[in-house]
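# Coordinate inspection notes
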Amino acid sequence: MTTGSSPALPSSLSTHLERSVSFAPGRQITIMVSGGAGGAPHYCYDTHTNTYYLRTFGHNTMDAVPRIDHYRHTAAELGEKLIRPSLAELHDELDKVRRPRDRDGYANGEEGTPTGEAAAAYTADSKGVVKFGWIKGVLVRCMLNIWGVMLFIRLSWIVGQAGIGLSVLVIAMATVVTTITGLSTSAIATNGFVRGGGAYYLISRSLGPEFGGAIGLIFAFANAVAVAMYVVGFAETVVELLKDNGALMVDEMNDIRIIGAITVVILLGISVAGMEWEAKAQIVLLVILLLAIGDFVIGTFIPVESKKLKGFFGYKAEIFTENFGPDFRGEETFFSVFAIFFPAATGILAGANISGDLADPQSAIPKGTLLAILITTLVYTGVAVSVGSCVVRDATGNVNHTIFTEWTNCTTAACKLNYDFSSCQKTECPYGLMNNFQVMSMVSGFAPLISAGIFSATLSSALASLVSAPKIFQALCKDNIYPGFLMFAKGYGKNNEPLRGYMLTFLIALGFILIAELNVIAPIISNFFLASYALINFSVFHASLAKSPGWRPAFKYYNMWISLIGAILCCIVMFVINWWAALLTYVIVLGLYIYVTYKKPDVNWGSSTQALTYLNALQHSIRLSGVEDHVKNFRPQCLVMTGAPNSRPALLHLVHAFTKNVGLMVCGHVHMGPRRQAVKELSTDLGKYQRWLIKNKMKAFYAPVHAEDLRDGGQYLMQAAGLGRMRPNTLVMGFKKNWRQADMRDVETYINLLHDAFDIQYGVVVIRLKEGLDISHLQAQGNRALALFFADQLLDASTQFQKKQGKNNIDVWWLFDDGGLTLLIPYLLTTKKKWKDCKIRVFIGGKINRIDHDRRAMATLLSKFRIDFSDIMVLGDINTKPKKENVAAFEEMIEPFRLHEDDKEQDVADKMKEDEPWRITDNELELYKTKTHRQLRLNELLKEHSSTANIIVMSLPLARKSAVSSALYMAWLEALSKDLPPVLLVRGNHQSVLTFYS
């Protein structure tokens, strides 16, 4: 479809040229032509729909070729996401309409793009935004976070306890967990564009807001408290140096607080200065850390005689052999040692946590994270083997123990090297792997550089956590998962820095620094990190299990079962580290999960939870299709002709009362009128009213169709609605209250729809409220006060089934055996909370001389059906003639609809009957006189016995569709149900829906 021919452009034009082309009445299209050799792309911009199109194949066409800007979620270079022409615009040139959008203005659950000020800010400042590559943004951060103080002051002790072999196993076990998590992180990060929010973003977009909201909050808190942990570790090291030099300011505890507070203020200043300054600081700290590691390695090759007294002899096979096996002392075990080491490996998400500041997160996160794990693992393993090969477990530091005599009974490695430290077996010695945490300083070539390395490790980890926590919290707040935190979503400057989040993180960290005792909180923090890792692994397993077409990670080196093993390992490690902290973590995550689930945040991220829900529903539906129906499993699955669901609330709520959590409920809506307009309304109404049902907690589906009339639409719905075994089996309609004033062709359509339902073996329920059901005309007025003034009774009646029904009766007039549907529906009502206090009274027809026998027989049947009832009443006078005034009123009612063929010529009568088949003939009226009188008499009995009931459920009278006219049948229903409480006229399909067999 073209927009019109375009004159040839001079070849000399190489600059942009604007040309307005007439397209349609009232429409102008500006074509932006980009000249030059090579046939550069040509854009056209539709001023009406604010949409850019690509000029394709040398013609001015509305149709757009594939391009990335049509698939963006974030702002494009032109300031907003580009929108391809809608199908309606392409399909209908002269009557273009904007595409219907969801509430947020985007189709198919797409996340919104920055608009207004946000879009303007994006385009204005995009050139000044600082973005990091994979080395500076991920690799450096992860290495700095993984290389903590554990490397310098605890690894040697672990080697002393577990030995070289088990120490390497400890490192390998931790590496297995982190590597699996790294692979899972890489898979999620490469499955689409990654925004800011790190672990929270990855988990929430994979598993949904429930898990994401829970983990996001505790992960941000864990990072905030981790700042305090690392700063206190730094402060403790500084205080030790001050203590050694006699330079304490107050005392050890208060000095830690003072130094910690000053340190965190400086770190905050670096962070607030911007990500570029923070990144530069990280580079400096990494250089110091690498120099410290190099200093240690060099020191291992330079054994100094004075250091031998402290247990350092250089690389010796004797020491390696002796230290290879474990020597657990005190209460230490393999798992306790593992629990002490594992927190050192929990820095693998440092790069992912600033995903919003990475130039290419999809490439940077996998490369940087996995390489960081590899490098740090090699360093940890190398240091463990080196220190275990150079230093003995115990040393006295006493020069008197350097003399070795042949008669001394000593077999240790130190003895073989002419040093006798056997006294350490009786008393605790100050040196050696088991006793001295400063072994690496002692071994190193220049000890102050190791202290600088410790400072670098603690400060870099603190800085990374100080940056991560606000970024994660800001992303969480932007999604409005917890509305009370929305104020922290605001960002400042070109990089959208979360300054409010920085201040909150600073206050949390400062509070814990002032406590200065973090031994209790430390295991909880480790468990918070592990819970995040477990959910990242589980996200990959879950997404793979769901088999969503949208799960297409560019990173292929993952396996769903390995990810599941990783998730399980993380949960096991949580208990290994600290069982009570693990339980507390589970309780907190579960509590936050329940809270977010209860609040139901209004987001749609296409999570794997949604995908798996669909897959399960599909698989179970297919499985159900292969199972034959059984009477014990019968459920009333109702096709309710509600029209717009909010137009007949009483009908909707009453049916929902007995189908909720029991059977299917489909709200059928027949759109009539011009096809083009009706079809356009279908897609709009489908989303609109399904959301309305969900918002109003209606467990139902909305099914709109377009048809020429109600009967055709009803036929379409009865034939096509549902899926497999989940298909309607009962048609529910409201009583046509205004039938006498309506066009009788509409009445004919209404009655024929009932006949159609019976023809395809549907049960039928007709619901009548004396006030009426339809309130759409009141909604259209838009003035509720005016509506209440004119129709307060109708509005009150429309809400009566939303209230608790109290201790009253449900009267069941089970006059004809329809298979039991007339009895099943009231029983289902009594199982619901609002109806549970109501009692069932059963009315049946019988003979006067057999009333007791009929009552006992019905009581026996109901007891076999296990249906409680309060009373059974046998009506022996159903066939008594009705009152004359009622007969007269009925005749007066049907008079306008009679044919009176006896008073007309035969040809005239036949022609009139052919043109107006709904008319009542004299012969028909006489033939069904007894049935007419029965309806009148039943109405009298209903008024006598059931006028105070909450609801009446009664057998619907049947009529042969070829013999009884629509007007006479409507008159029967009118006469039967007028001036009564709410009435359900029910007729099953005469197949048993109740059984007393097990």
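Treat the numbers as computed from the prediction; the structure is a model and nothing was measured. (Residues numbered from 1 in each chain as written. Predicted model: local features only at pLDDT ≥ 70, side-chain atom pairs only at ≥ 80, totals over all residues. Heavy atoms only, no water.)

## Structural notes on the packing of helix α11 (residues 317-324) against helix α13 (residues 361-390)
Put simply, α11 and α13 touch, their axes get as near as 7 Å, and they point 115 degrees apart. On the basis of the axis angle, α11 is roughly perpendicular to α13. Taken together, the residues of α13 that come into contact with α11 (itself represented by Ile319, Phe320 and Asn323) are Val385, Gly388, Ser389 and Cys390. A breakdown of the residues in the contact of α11 with α13 according to their chemical character gives 4 nonpolar, 3 polar and no charged. (Axes fitted to C-alpha atoms, helices over the stretch in contact; angles between N-to-C directions. Helix = DSSP H or I, 4+ residues; strand = E, 2+ residues; numbered from the N terminus. Parallel < 35°, antiparallel > 145°, perpendicular 65-115°, else oblique. Contact = heavy atoms within 4.5 Å. Nonpolar A, V, L, I, M, F, W, Y, C, P; charged D, E, K, R; others polar.)

## What to know about helix α8 (residues 252-272)
The periodicity of an α-helix, 3.6 residues per turn, causes residues three or four places apart in sequence to face the same way. For α8, spanning 21 residues, the distance from its first C-alpha to its last is 30 Å, which sits close to the expected 30 Å at 1.5 Å a residue. The set of residues buried in α8 consists of Asp255, Ile256, Ile259, Gly260, Thr263, Val264, Leu267, Leu268 and Ser271. Among the structural elements, α7 (209-244), α16 (447-478) and α17 (499-515) are those in contact with the buried residues of α8. A distance of 3.2 Å separates the backbone nitrogen of Met253 from a side-chain oxygen at the start of α8, and that oxygen is part of Asp251. (Expected span 1.5 Å × (residues − 1). Buried < 20%, exposed > 50% of the residue type's maximum accessible area, 1.4 Å probe, protein only. Polar contact = N/O pair within 3.5 Å; in protein donor to acceptor, adjacent residues only side chain to side chain.)

## Comments concerning the packing of α7 against helix α20 (residues 579-599)
Here α7 crosses α20 at 130 degrees, and the two axes come no closer than 8 Å. In terms of orientation, α7 and α20 fall into the oblique class. The two elements α7 and α20 cross, and the hand of that crossing is right-handed. Touching Pro209, Glu210, Phe211, Ala214, Ile215, Leu217 and Ile218 of α7 are Ile588, Val589, Leu592, Tyr593, Val596 and Thr597, all from α20. In terms of residue class, the contact of α7 with α20 is built from 11 nonpolar, 1 polar and 1 charged. (Left-handed = near helix turned anticlockwise from the far one by under 90°.)

## Section: the packing of aromatic side chains
The description of two aromatic rings rests on the distance between their centres and on the angle between their planes. Tallied over the entire structure, the rule returns 26 aromatic pairs. Taking 5.4 Å as the distance between ring centres and 55 degrees as the angle between the ring planes, the aromatic pair formed by Phe473 and Phe488 counts as tilted. Highlighted residues: Phe473 in helix α16 and Phe488 in the loop between α16 and α17, separated in sequence by 15 residues. Measuring from centroid to centroid gives 6.3 Å for Tyr969 and Trp972, while their planes differ by 85 degrees, and the two rings are edge-to-face. In this pair, Tyr969 and Trp972 both sit in helix α34 (residues 966-977), 3 residues apart, roughly one turn of the helix. Through successive ring pairs, a cluster of aromatic residues spans Phe473, Tyr482, Phe485, Phe488 and Tyr595. (Phe/Tyr/Trp six-rings, centres within 6.5 Å; stacked < 30°, edge-to-face > 60°.)

## Quick word on the pattern of salt bridges
Should their charged atoms come close, side chains of opposite charge can pair. This model, assessed by the stated rule, comprises 21 salt bridges. One salt bridge in this structure joins Asp394 and Arg329, with 2.7 Å as the shortest N-O distance. One end of the pair, Asp394, is in the loop between α13 and α14 (413-416); the other, Arg329, is in the loop between α11 and α12 (334-341), with 65 residues separating them in the sequence. According to the relative accessible area criterion, Asp394 is buried, its value standing at 16%. Overall, the relative accessible area of 29% leaves Arg329 in the partly exposed class. A salt bridge links Arg648 to Asp774; the nearest nitrogen and oxygen atoms lie 3.5 Å apart. (Salt bridge = Lys/Arg side-chain N within 4 Å of Asp/Glu carboxyl O.)

## Here's the deal with unusual backbone geometry
Positive phi, close to 60 degrees, is recorded for Lys697, a residue that is not glycine. Note on placement: Lys697 falls in the loop between α23 (675-695) and β7 (701-706).

## Description of α23
In this model, α23 (21 residues) spans 30 Å end to end at C-alpha, consistent with the 30 Å of a helix rising 1.5 Å per residue. At Asp685, α23 shows its strongest bend, of approximately 30 degrees. The set of residues buried in α23 consists of Ala678, Leu682, Asp685, Tyr689, Gln690 and Leu693. The inward-facing, buried residues of α23 abut α22 (649-659), β6 (665-671) and β7. Lys697, located one to two residues past α23, shows a positive phi value of around 60 degrees. (Bend = angle between axes of the 7 residues up to and from the residue.)

## Remarks on the sheet that holds strand β12 (residues 871-875)
Strand pairing in a sheet relies on backbone hydrogen bonds, with the paired strands running either antiparallel or parallel. Taking strand neighbours across the sheet as the criterion, the 10 strands line up as β7-β6-β5-β8-β9-β14-β13-β10-β11-β12 in an open arrangement whose pairing is mixed. Lying at the two open borders of the sheet, with one neighbouring strand each, are β7 and β12. With strand direction ignored, the average angle separating the axes of adjacent strands in the sheet is 20 degrees. Judged from the 5 bridges that link them, strand β10 (residues 809-813) and strand β11 (residues 839-845) form a sheet pairing that is parallel. Bridging from a neighbouring strand, Trp813 pairs with Phe843 of β11. Of the strands in this sheet, β8 (730-734), β9 (763-768) and β14 (983-987) are in contact with helix α25 (residues 744-759), which crosses β8 at around 165 degrees. (Pairing = 2+ DSSP bridges.)

## Some words on the confidence of the model for the protein
Averaged over all residues, the pLDDT of the protein equals 81, while 85% of them reach at least 70. Scored below 50 in pLDDT, residues 93-126 shows 59 contacts in the model against residues more than four places distant or in partner chains. (pLDDT = per-residue confidence, 0-100.)

## Notes on the environment of Ile878
Relative to the assigned elements, Ile878 resides in the loop between β12 and α30 (884-894). Residue class for Ile878 comes out buried when judged on its relative accessible area of 13%. Considered as a pair, Ile878 and Gly845 are 33 residues apart in the sequence and their alpha carbons are 6.9 Å apart. Discounting chain neighbours no more than four positions away, the residues touching Ile878 are Leu815, Gly845, Arg934, Arg937, Leu938 and Leu941.

## Let's talk about the pairing of β11
Burial within β11 is extensive, with 5 of its 7 residues counted as buried. Once you follow β10 into helix α28 (residues 821-830) and on to β11, the crossover reads as right-handed. Where β11 lies against β12, 5 bridges are found, and the strand directions are parallel. The residue of β12 that forms the bridge with Gly845 is Leu875. Following the backbone out of β11, through helix α29 (residues 851-864) and into the adjacent parallel β12, one traces a crossover that is right-handed. (Right-handed = clockwise from strand over helix to strand, strands pointing away.)

## Some details on the state of the cysteines
The final tally for this structure, using the stated rule, is 0 disulfides. You can see Cys570 has no disulfide; the closest cysteine sulfur is in Cys571, sitting 6.9 Å from it. (Disulfide = S-S within 2.5 Å.)

## Thoughts on the environment of Ser992
Considering the arrangement of structural elements, one finds Ser992 in the segment after β14. The sequence separation of Ser992 and Gly820 amounts to 172 residues, and the corresponding C-alpha distance is 6.2 Å. Contacts of Ser992, omitting those with residues within four sequence positions, involve Val631 and Gly819.

## As for a negative patch on the surface
On the surface, a cluster of negative charge is made up of Glu905, Asp907, Asp910 and Glu914. Position of Asp907 among the secondary structure elements: in helix α31 (residues 906-915). The exposure class of Asp907 is exposed, given its relative accessible area of 64%. (Patch = residues over 30% accessible without salt bridge, like charges linked within 9 Å, V, L, I, M, F, W, Y side chains within 5 Å. Areas by Shrake-Rupley, 256 points an atom, 1.4 Å probe, with all protein chains shown as cover. Lys, Arg positive; Asp, Glu negative; His and termini not counted. Charge placed at Lys NZ, Arg CZ, Asp CG, Glu CD.)

## Things to note about the environment of Ile340
Tracing the sequence through the fold places Ile340 in helix α12. Exposure remark for Ile340: the relative accessible area of 29% places this residue in the partly exposed category. Beyond its immediate chain neighbours, meaning those up to four positions away, Ile340 contacts Met150, Trp157 and Glu332.

## Some details on the pairing of β8
The buried fraction of β8 amounts to 5 of the 5 residues, a majority that puts the element mostly inside the structure. Residue alternation in β8 divides its side chains into two sets, Thr730, Val732 and Gly734 and Leu731 and Met733, and both sets are buried. Looking at chain direction, strand β5 (residues 638-641) and β8 are connected through 3 bridges and run parallel. In the sheet register, Val640 faces β8, and the bridge partner there is Val732. Examined bridge by bridge, β8 and β9 share 5 bridges and lie parallel to one another. Along β9, the bridge assignment pairs Leu731 with Val764. As for the winding sense of the linkage, the β-α-β connection from β8 through α25 to β9 is right-handed.

## Let's talk about the nonpolar core
Core analysis: the largest hydrophobic core is formed by 139 residues, its most contacted members being Trp147, Phe152, Phe341 and Tyr380. Once you skip the residues sitting within four places of it in the chain, Trp147 turns out to touch Leu286, Leu289, Leu290, Ile293, Ile375, Thr376, Val379, Tyr380 and Ala457. Counting residues in each nonpolar core, the second largest holds 61 residues, with Leu731, Ile920, Met954 and Leu973 among its members. (Core = buried A, V, L, I, M, F, W, Y, C linked by side-chain atoms within 4.5 Å.)

## Overview of the side chain of His671
Along the chain, the position of His671 falls in strand β6. Judged by relative accessible area, which is 6%, His671 ranks as buried. Excluding anything up to four places from it in sequence, His671 contacts Ala678, Glu681, Leu682, Asp685, Tyr702, Pro704, Val705, His706 and Ala707.

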